[in-house]
Each structure stands twice: as C-alpha cells, then as structure tokens.
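These are the residues of each chain, in order.
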Amino acid sequence: MSHQPTEPDQTDPDPVLATAAATMGRRVLGLGALALLGVLMIYLAFSGTTGMATQIGFLVIGAGALWLAEQMRQATAQRVELTRAGLRDSDGTVIARLDEIEKVDRGILAFKPSNGFVIKTKTRGRGRLRPGLWWRVGRMIGVGGMTPVRQTKLMAELLADLLVRETGKD
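Residues numbered from 1 in each chain as written. Predicted model: local features only at pLDDT ≥ 70, side-chain atom pairs only at ≥ 80, totals over all residues. Heavy atoms only, no water.

A. Highlighting the nonpolar core. One finds V80, L87, F117, M155 and L159 to be the most contacted residues of the largest nonpolar core, which totals 20 residues. Elements that contribute at least two residues to this core include exactly strand 1 (16–21), strand 2 (79–83), strand 4 (94–97), strand 6 (117–130), strand 7 (134–143) and helix 3 (149–167). Take this core: its biggest share by element is five residues, from helix 3. A22, L31, A69 and M146 belong to the second-largest nonpolar core, a separate cluster that totals seven residues. (Core = buried A, V, L, I, M, F, W, Y, C linked by side-chain atoms within 4.5 Å. Buried < 20%, exposed > 50% of the residue type's maximum accessible area, 1.4 Å probe, protein only. Helix = DSSP H or I, 4+ residues; strand = E, 2+ residues; numbered from the N terminus.)

B. Expanded view of the sheet that holds strand 5 (residues 101–105). The strand order 5-6-7 describes an open sheet built from three strands, whose pairing is antiparallel. The open sheet has two free edges, formed respectively by strand 5 and strand 7, since each of these has just one partner strand. Adjacent strand axes in the sheet meet at a mean angle of 75 degrees, parallel and antiparallel pairs treated alike. As paired elements, strand 5 and strand 6 share four bridges and run antiparallel to each other. In the strand pairing of strand 6, K103 is matched with K120. The sheet contacts of helix 3 involve strand 5, strand 6 and strand 7, and relative to strand 5 the element is tilted by about 140 degrees. (Pairing = 2+ DSSP bridges. Axes fitted to C-alpha atoms, helices over the stretch in contact; angles between N-to-C directions. Contact = heavy atoms within 4.5 Å.)

C. Summary view of the side chain of T83. The topology assignment puts T83 in strand 2. Sequence-distant contacts of T83, defined by excluding residues within four places in its chain, comprise D14, P15, V16, L17, R88 and L162.

D. The arrangement of the sheet that holds strand 1 in detail. Spatial strand order, 1-2-3-4: four strands in an open sheet with antiparallel pairing. In the strand order of this sheet, the two ends are held by strand 1 and strand 4, each with one partner. Neighbour to neighbour, the strand axes of the sheet diverge by 15 degrees on average, direction disregarded. Bridge count between strand 2 and strand 3 (residues 86–89): four bridges; the pairing is antiparallel.

As structure tokens, this is what we get:
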C-alpha cells in the first residue's frame, strides 16, 4: 500500500510548519563525549595522584559533565516546532511567540548555536537551557546545536518570512 500525501489538517488551529530535531548520530556522539568526560574526571579524582583541591575540582567537573549529559539527553529527545503562533518545544513549552520576536539572525558573526540561528525578542525572558536544542538568555534565543543545518535553515527562513508577513517590514 503506497502512502499518499494528505492535505493539512484543517481542524488544527496551529499546524506545525517546520521542525528541528537532533539526529541519533549527533545525540550518540555528543552524549557519549560528555559522559566520557564526566567518567574520566571522576576516575582522576579517585586515582589519588593529585592534591585534595585538584581531586575536588575533578569531582565537580565530572559531576557537572554527567549532569549536563543527562540534561542534553532529555532535551534532545524533544524537537523545536515552528507554527504560525511562534516557536515551541514538542513538550508544549513556548519558546517565543511570533509577536514577541523582533529579529532572526543566521549570520556568520551572530552568537548562535552550531548549525542554528538566534532570535532577538522585544522583551527579556527567563533564562532557559535545553542543551543541544535551544537556550534563552535575556532577549536572545538560540536554536540549534545537535540539529541538522537544513532543518534550522528552513525554520529560520520560514520564521523570517512569517515576521515579514506579520509586521509588513523587510
């Protein structure tokens, strides 16, 4: 039985226009590297060949790397979705409403995640970190990291187009 494309669901008031999600290969590589760093740091802490302050430092770095790996594992199991209302996480967390977004920047000199883009909002928001997927600091939101560039590029272009249509500005 062949799969025929279907028309968009007319009953969905806020259909998903684009998604950005971490690929399995990127997740395995990124999580593996962080977990390995954590384990090695903890091993060095207990090897007893360094001073007490260094051992404590290794323990803190190792525990931090393992904590960050777990945060990244949870975050990259989700995806970022673009709708006409704005950006959201697939768990329902609103990242930015379209009417809050001032600018989308994919430029080379932009402070953005790898393979991603950055959004400047009109108002400051609470800091959030979903490592490998998105982050927010003040008025800046970065989307990307473990996501393929083709997904985030499409999302950034669609978002910029939505902003132009909404505001009437180039």
